[in-house]
Amino acid sequence: MAIDEEHVRPDGVDDLTVEALGNISEALEAVEVARGHLYAFHRMSGTADLTLGKGVDQLREAGHTELADRLQTALVGRNVLHGRWTFQVVEEYDDGYYADFKQLEQEARDALVAGRRHLYEAEMKEDRRTHGRPGHERRPDAAGG
């Protein structure tokens, strides 16, 4: 018995196609994690710049104006890449590679399996679970099955 209709492979779809789409989905999941790290980089870089600015202000207040001026002009508000703050890096990634990846993965699923997601994993779950055992249900609402 299948997990649910959303996770049943359409008639005529072969194993290799399901496996290929599973790999493409897995690659997209890795891209999602990379995107999360990019956003973490964005947040940490912004925090570093704001905290650096506070430290520079404190150095200046403590009378270390020459060192504070050097740090201010060399680092505070500086681009992390040529011409870019991290928000610009995030936007370029989101609007380019990430958007293209998401769109093409969706197009592949739409064209080959009626847009269904995680077919490979759904079939693996059916194969690996112990049918009829608690904790191995097909779905949250499938008592004992």
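Here, the structure is the one placed above.
The sections below set out a description of the structure shown in this document. (Residues numbered from 1 in each chain as written. Predicted model: local features only at pLDDT ≥ 70, side-chain atom pairs only at ≥ 80, totals over all residues. Heavy atoms only, no water.)

## Points about the overall build of the chain
Thinking step 1. Scanning the chain from terminus to terminus reveals 4 helices and 0 strands.
Thinking step 2. Counting from the amino terminus, the chain carries its helices and strands in the arrangement α-α-α-α.
Thinking step 3. A compact globule built from 145 residues should have a C-alpha radius of gyration of about 15 Å, whereas the chain, at 25 Å, is more than 25% larger.
Thinking step 4. Judged by the C-alpha coordinates and their principal axes, the chain covers about 75 × 35 × 20 Å.
Thinking step 5. In the chain, which comprises 145 residues, the share counted as buried stands at 21%.
Thinking step 6. A fraction of 65% describes how many contacts in the chain between residues 6 or more apart in sequence connect residues 24 or more apart.
Thinking step 7. In the form shown here, the chain has an accessible surface area of approximately 10200 Å², with 54% of it arising from carbon and sulfur atoms. (Helix = DSSP H or I, 4+ residues; strand = E, 2+ residues; numbered from the N terminus. Rg over C-alpha atoms; globule rule 2.2 N^0.38 Å. Buried < 20%, exposed > 50% of the residue type's maximum accessible area, 1.4 Å probe, protein only. Contact = heavy atoms within 4.5 Å. Areas by Shrake-Rupley, 256 points an atom, 1.4 Å probe, with all protein chains shown as cover.)

## Let's talk about helix 4 (residues 119-128)
Thinking step 1. Among all positions in helix 4, only Leu119, Ala122 and Glu126 are buried. Each buried residue of helix 4 lies within a common arc of 65 degrees when the element is viewed along its axis, so the set occupies one face. Turned more than 90 degrees from where helix 4 packs its buried face, Asp127 and Arg128 sit exposed.
Thinking step 2. Those residues of helix 4 that are buried are in contact with helix 1 (15-61) and helix 3 (86-113). (Arc of directions from axis to C-beta.)

## Regarding unusual backbone geometry
Thinking step 1. Its identity as a non-glycine residue notwithstanding, Ala114 has a phi of 55 degrees, on the positive side.
Thinking step 2. Overall, the relative accessible area of 60% leaves Ala114 in the exposed class.
Thinking step 3. Unusually for a residue other than glycine, His118 sits at a positive phi of about 55 degrees.
Thinking step 4. Mapping His118 onto the fold places it in the loop between helix 3 and helix 4.
Thinking step 5. A relative accessible area of 35% places His118 in the partly exposed class.

## Concerning the packing of aromatic side chains
Thinking step 1. Under the criterion given, the structure shown has 4 aromatic pairs.
Thinking step 2. On the basis of an interplanar angle of 70 degrees and a centroid distance of 5.8 Å, the ring pair of Tyr97 and Phe101 is categorised as edge-to-face. One end of the pair is Tyr97 and the other is Phe101, both in helix 3 and 4 residues apart, which spans about a single turn.
Thinking step 3. Here the aromatic residues Tyr93, Tyr97, Tyr98 and Phe101 are joined through ring pairs into a cluster of three or more.
Thinking step 4. Over the ring of Tyr98 we find Arg35, and its NZ or CZ is 4.3 Å from the ring centre. (Phe/Tyr/Trp six-rings, centres within 6.5 Å; stacked < 30°, edge-to-face > 60°. Lys NZ or Arg CZ within 6 Å of the ring centre and 35° of its normal.)

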